[in-house]
Amino acid sequence: MAVDSALIEAFTVASATFFATIGPVDVAAMFAALTSGLSAKKRRSTAMRGVLIAGAILLAFALMGEFILTAMGISLAALRAAGGVLLLLIGIELVTLKGSGATTTTLEEDQEAEARSDIAVFPLATPLIAGPGAIGAVILLMAHADGDLLEQTAVVISLVFVLAMTLLSLLLASRLQNFLGVTGMHMISRVFGVLLCALAMQFLFDGIAQSGLLSAVAAP
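The numbers attached to residues start from 1 for each chain and follow its sequence in the written order. This being a predicted model, a pLDDT of at least 70 is required before a residue's local features are given, and a value of 80 or more before pairs of side-chain atoms are given or counted; all residues contribute to the totals for chains, interfaces and linings. Calculated side-chain values reflect all of the structure's heavy atoms, with hydrogen atoms and water omitted.

Thoughts on the packing of aromatic side chains
Part 1: Centre distance within 6.5 Å is the pairing criterion for rings of Phe, Tyr and Trp, where only the six-membered ring of Trp is used; planes under 30 degrees apart are then read as stacked, over 60 as edge-to-face, and the remainder as tilted. Enumeration over the complete set of coordinates arrives at one aromatic pair.
Part 2: A centroid spacing of 5.9 Å and a plane angle of 50° characterise the contact between Phe-11 and Phe-161, whose relative ring orientation is tilted. Of the two residues, Phe-11 is situated in helix α1 (residues 2-22) and Phe-161 in helix α8 (residues 149-171); the sequence distance between them amounts to 150 residues. Think of it this way: any DSSP run of H or I at least four residues long counts as a helix, any run of E at least two long counts as a strand, and we number them from the N terminus.

Re the confidence of the model for the protein
Part 1: pLDDT measures how confident the predictor is about each residue, on a scale from 0 to 100. Predicted confidence across the protein gives a mean pLDDT of 83, with 86% of residues reaching 70 or more.
Part 2: Confidence, expressed as mean pLDDT per element, reaches its minimum in the protein at helix α5 (residues 107-114) with 57 and its maximum at α8 with 95.

A closer look at the packing of helix α4 (residues 76-96) against helix α9 (residues 173-211)
Part 1: In this analysis, axes come from line fits to C-alpha atoms, helices being fitted only over the stretch in contact, and the angle between any two N-to-C directions falls in the range 0 to 180 degrees. Running from amino to carboxyl end, α4 crosses α9 at an angle of 160°, the nearest separation of the two axes being 7 Å. Comparing the axis directions of α4 and α9 gives the class roughly antiparallel. Remark: the crossing between α4 and α9 carries left-handed chirality.
Part 2: Partitioning the contact of α4 with α9 into residue classes produces 17 nonpolar, seven polar and three charged. Geometric relationships in this document are graded by angle, where less than 35 degrees denotes roughly parallel, more than 145 denotes roughly antiparallel, 65 to 115 denotes roughly perpendicular, and other angles denote oblique. Each crossing gets its hand from how the near helix is turned against the far one by less than a right angle, where anticlockwise is left-handed and clockwise is right-handed. Charged means Asp, Glu, Lys or Arg here, nonpolar means Ala, Val, Leu, Ile, Met, Phe, Trp, Tyr, Cys or Pro, and polar covers whatever is left, Gly included.

What follows is the structure, encoded as structure tokens:
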């Protein structure tokens, strides 16, 4: 029972984190704007390719994240603290609705995207779906599992779950945008932004505690 509850908690935390950092609703709104002149068949094809490419990128970082950390000499404590700071900034961005490039495209990227006929790779797959926030989150969550295969599996399943939600949001982008409206979309972003801020602080606290910095400061 304890194992089951731990897996459920890991899945829930990872799902909320990926939902906040990927932002299926926000991605759908951008997708609807960028594909307004395309046929329904072309929009479906672009959406599926974009999600598949983004999924491949995020799964690659999920599987190779530990190797990358070891090769660069980065400790888990440092990753938790740095990841906490990054997720906190993203959470603040979601709450204040001010884009910084962590979960959204920049003005220059928007201008380049408007000139492209195929947006599946850029900006849809990256940085809209597999952006810096989502990549940092998947590495952090996999490292946080600390080698527990079941917990890491729960993280991967939650990633696939949110990617499936993202694909569904893209396929229903126009209807979703009309149904929720600007206020509804902003409300969802703010709610998940607050949750992400709380999770980010927990990661930051865990990283500082694991680093031994507090013990060193408290020592006479």
